[in-house]
Every structure is written in C-alpha cells, then in structure tokens.
Amino acid sequence: LAAQLSLSLAECPGTGSAQAGRAAACQGCPNQGLCAAGKAGPDPAEVAELRARLRAVRHTVLVLSGKGGVGKSTFSALLAHGLAADESKQVALLDIDICGPSIPKMMGLEGEQVHQSGSGWSPVYVEENLGVMSVGFLLSSPDDAVIWRGPKKNGLIKQFLRDVDWGEVDYLIVDTPPGTSDEHLSIVQYLSATHVDGAIIVTTPQEVSLQDVRKEINFCRKVKLPIIGVVENMSGFVCPKCKNESQIFPPTTGGAEKMCQNLNVSLLGKVPLDPQIGKSCDSGQSFLAEAPESPATLSYRNIIQRIQEYCEQQRFQEEKIM
C-alpha cells in the first residue's frame, strides 16, 4: 500500500495529460473518473475570464514555504512594502492562506471590509499604490475559524483572481499557506491562464525546515512553476550592541546555502532575526520603514532588488520572443 501511495503521489500525470485518469498512478485516486472524462481541467470560459482580469498584471510572484512558522507571510508583507516604496509601482498582495489569514493584521488592515462595485471587489489599500485582498476581510471577527473543504477554498481563490478589480498592477504577490496542497494546485492551475514569473521559497536554517523545502522545490518542478530562489529567514541573530552574530537555529546540514547548491536553485539571501520584525507585524507597520538601518532591512532590500531584476529579465525575454 505504501508503495502504491508513493507512486500515485510522485507520478500524477496532471489533468492536462493524455494519460490523465488512465496512468497507473491514477488507480485509487478519487478524481480518476473526472480526469479520464476530461472534466478535471480548467474550464475554457473560466480561463478566458481569468486572462482578461489579469491582463494588466505585469509580474506575478508566489511566496511558498514547506512548513509553517518560517516567516513566509512576514516575507510576503515586507516584499509588498519594499516594492511599493517606489511610488511609481503599483503593488497588490493576495493572501490565499484561507485557514490562517495573517496578512490583514501584518498590513495594519484588521477590521477592514471588502467593498463591491460594478467592476468587481475592490482591494483594501494600505497606500495608494499598495492594495491587499484576503479572506480575513470577509470574516466577522479575526478569531473566526474558516472550516472549509478543498472545493470551497479553491472556489474562493478563483473568485479572488477573477472578481477582484486589481487594475493596472506592476507586481502581484501571492502569499500561500504552508505545504503543497489544494490551494497551491489551484493557484498554479488558475494562473496558468496568464503569466507567472515564479516562486520564492522561504525556509529557516535547520534541517527540519529544509526537509520540507526540498518537497516544495520538487512540487514546483513537477507543476512547471519557475523557482526565483530561496530565502533563508531567521538566519542568525546580530546583537544590536556588540554586533556579534549568534546562530539561534544552527544549520546542522549546511543550511539553505548548501541545499541550494545541491539542488541547483538560487539563494536570494539570508535574513537575520530581529525582534523588531515581530513587533512591526503585530502593530501593522512596515519594518523596513521603522528600522531602515537594521541588518535585516539591508538583507531584505538586497533580496527585493534581486527579485526585481529577475522579473524584469523574464519580461525582457518574453517580449524578445514575441
């Protein structure tokens, strides 16, 4: 049984394959009948709607993590803040962590609600050039639990992409839940209708985190999602007084740097621990603005610059082909 399960997880042919529902890996899958009948793939009408809505989005970046607690949502929030620091850029942050929507609090938007107009749902704005959408805006209380099965979560993700009036956007940042499950498959499938620059994977230095990140990298490669690079978060602690660095989470197997070398993935940078990051997130403020000289801020700015360079290079290559 374990061998059969391993095979089905590792070798799913995908809904768009000619072998969908017919391959050996499909045996025992609850969606086998749908795939074999060609009904499990994206609806052409929905694809057209998504393409039309997202046509004005210049760059789309997914933020992933193999496990929870590594600072993925914090990174997403600070990436959005960092990109929006350039007032000529329009930035959107989409939170698809349906069961754990922390982005509203981190962005200082708790208690805000979504408004609807003739052109669709309107994002909630932090600044004129930084809009946010999250299921957190649809809850009556931040303490409400979202107890949904996969199909309902997937439906909301599709609604966020199709019905939100994003407008002209330079960067759409998508904060995802931990792991490689329904939400990840859905967002990759829906965004296949348009352009995706790639994924940023957030980890911490210890092996227990890197083990799950390797699965995330494998997931990206299987679904043909480009990997922009890996960010090692909580990478040491720099004392604000003596400036010495301590390893709070020792990289017992070489940390993200060694993993990236082994898997041929770019290491975008290492972000050291800073207690002010947690305080800024709790108060809904931008750490980058509150602590501009922190080693963590300098690391974030270098990482953000590398992401921008990657996205612009991708765009240049596409336009060259066209």
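It should be noted that the structure appears before, not after, this text.
Described in the following lines is the structure provided in the data block. (Residues numbered from 1 in each chain as written. Predicted model: local features only at pLDDT ≥ 70, side-chain atom pairs only at ≥ 80, totals over all residues. Heavy atoms only, no water.)

### Section: a negative patch on the surface
Item 1. Together, Asp86, Glu87, Glu127 and Glu128 make up a negatively charged patch on the protein surface.
Item 2. Mapped onto the elements, Glu128 comes out in the loop between β5 (124-127) and β6 (130-134). (Patch = residues over 30% accessible without salt bridge, like charges linked within 9 Å, V, L, I, M, F, W, Y side chains within 5 Å. Areas by Shrake-Rupley, 256 points an atom, 1.4 Å probe, with all protein chains shown as cover. Salt bridge = Lys/Arg side-chain N within 4 Å of Asp/Glu carboxyl O. Lys, Arg positive; Asp, Glu negative; His and termini not counted. Charge placed at Lys NZ, Arg CZ, Asp CG, Glu CD. Helix = DSSP H or I, 4+ residues; strand = E, 2+ residues; numbered from the N terminus.)

### Remarks on the pairing of β5
Item 1. Two elements, β5 and β6, share three bridges in a ladder whose sense is antiparallel. For Val124, the partnering residue across the bridge sits in β6 and is Val132. (Pairing = 2+ DSSP bridges.)

### Remarks on the nonpolar core
A general trend in soluble globular proteins is that nonpolar side chains are found buried together.
Item 1. If you look at the biggest cluster of nonpolar residues, it comprises 83 residues, and the most contacted ones within it are Leu62 and Phe75.
Item 2. With sequence-adjacent residues up to four places away left out, Leu62 is seen in contact with Val174, Ile187, Val188, Leu191, Val196, Gly198, Ala199, Ile200 and Leu225. (Core = buried A, V, L, I, M, F, W, Y, C linked by side-chain atoms within 4.5 Å. Buried < 20%, exposed > 50% of the residue type's maximum accessible area, 1.4 Å probe, protein only. Contact = heavy atoms within 4.5 Å.)

### A closer look at the environment of Ala296
Item 1. Residue placement: Ala296 occurs in helix α12 (residues 295-321).
Item 2. In this structure the C-alpha to C-alpha distance between Ala296 and Leu273, which are 23 residues apart in sequence, comes to 7.0 Å.
Item 3. With residues up to four places along the chain from it excluded, the contact list for Ala296 reads Val271, Pro272, Asp274, Ile277 and Phe287.

### Topic: the packing of helix α8 (residues 207-222) against helix α9 (residues 255-263)
Item 1. For the pair α8 and α9, the least separation of the axes is 11 Å and the interaxial angle reads 35 degrees. Here α8 and α9 pass one another in a crossing that is right-handed. Across from Leu210, Val213, Arg214, Ile217 and Arg221 in α8, the residues of α9 making contact are Gly255, Ala256, Met259 and Leu263.
Item 2. Its residues placed into classes, the contact of α8 with α9 shows six nonpolar, one polar and two charged. (Axes fitted to C-alpha atoms, helices over the stretch in contact; angles between N-to-C directions. Left-handed = near helix turned anticlockwise from the far one by under 90°. Nonpolar A, V, L, I, M, F, W, Y, C, P; charged D, E, K, R; others polar.)

### A few points about the side chain of Ser134
Item 1. Among the secondary structure elements, Ser134 is positioned in strand β6.
Item 2. Once residues lying within four places of it in the same chain are set aside, the contact partners of Ser134 are Asp95, Pro101, Pro104 and Phe160.

### What to know about the sheet that holds strand β9 (residues 227-232)
Item 1. Pairing is mixed in the open sheet, where eight strands are placed in the order β5-β6-β2-β7-β1-β8-β9-β12. For this open sheet the edge positions go to β5 and β12 (267-270), each flanked by a neighbour on one side alone. Averaged over neighbouring strand pairs, the angle between their axes works out to 20 degrees when direction is ignored.
Item 2. In this sheet, β12 lies alongside β9 in parallel orientation, the contact comprising three bridges. Bridge pairing in β12 places Val231 opposite Gly269.
Item 3. Contacts from α9 reach β8 (198-203), β9 and β12, with the element oriented near 155 degrees to β9.

### Overview of the side chain of Asp95
Item 1. You can see Asp95 is positioned in strand β2 (residues 91-95).
Item 2. Despite its burial, Asp95 remains without a salt bridge, the nearest opposite charge being carried by Lys72 at 6.5 Å.
Item 3. With sequence-adjacent residues up to four places away left out, Asp95 is seen in contact with Pro101, Ser102, Ile103, Pro104, Met133, Ser134, Val135, Phe160 and Asp175.

### Description of the pairing of β2
Item 1. By the criterion of burial, β2 is predominantly enclosed, with five of the five residues buried.
Item 2. Residues Val91, Leu93 and Asp95 line one face of β2 and the alternating positions Ala92 and Leu94 line the opposite face, and both faces are buried.
Item 3. Of the strand pairs in this sheet, β2 and β6 are connected by five bridges, and their pairing is parallel. Residue pairing in the sheet places Asp95 in a bridge with Ser134 of β6.

### A few points about the packing of helix α3 (residues 44-53) against helix α6 (residues 150-163)
Item 1. α6 packs onto α3 with a crossing angle of 50 degrees between their chain directions and a minimal axis gap of 8 Å. Classified by the interaxial angle, the pair formed by α3 and α6 is oblique. Seen from α3, the contacting residues are Glu46, Glu49, Leu50 and Arg53; seen from α6, they are Lys158, Leu161, Arg162 and Asp163.
Item 2. Classifying every residue of the contact of α3 with α6 gives two nonpolar, no polar and six charged. (Parallel < 35°, antiparallel > 145°, perpendicular 65-115°, else oblique.)

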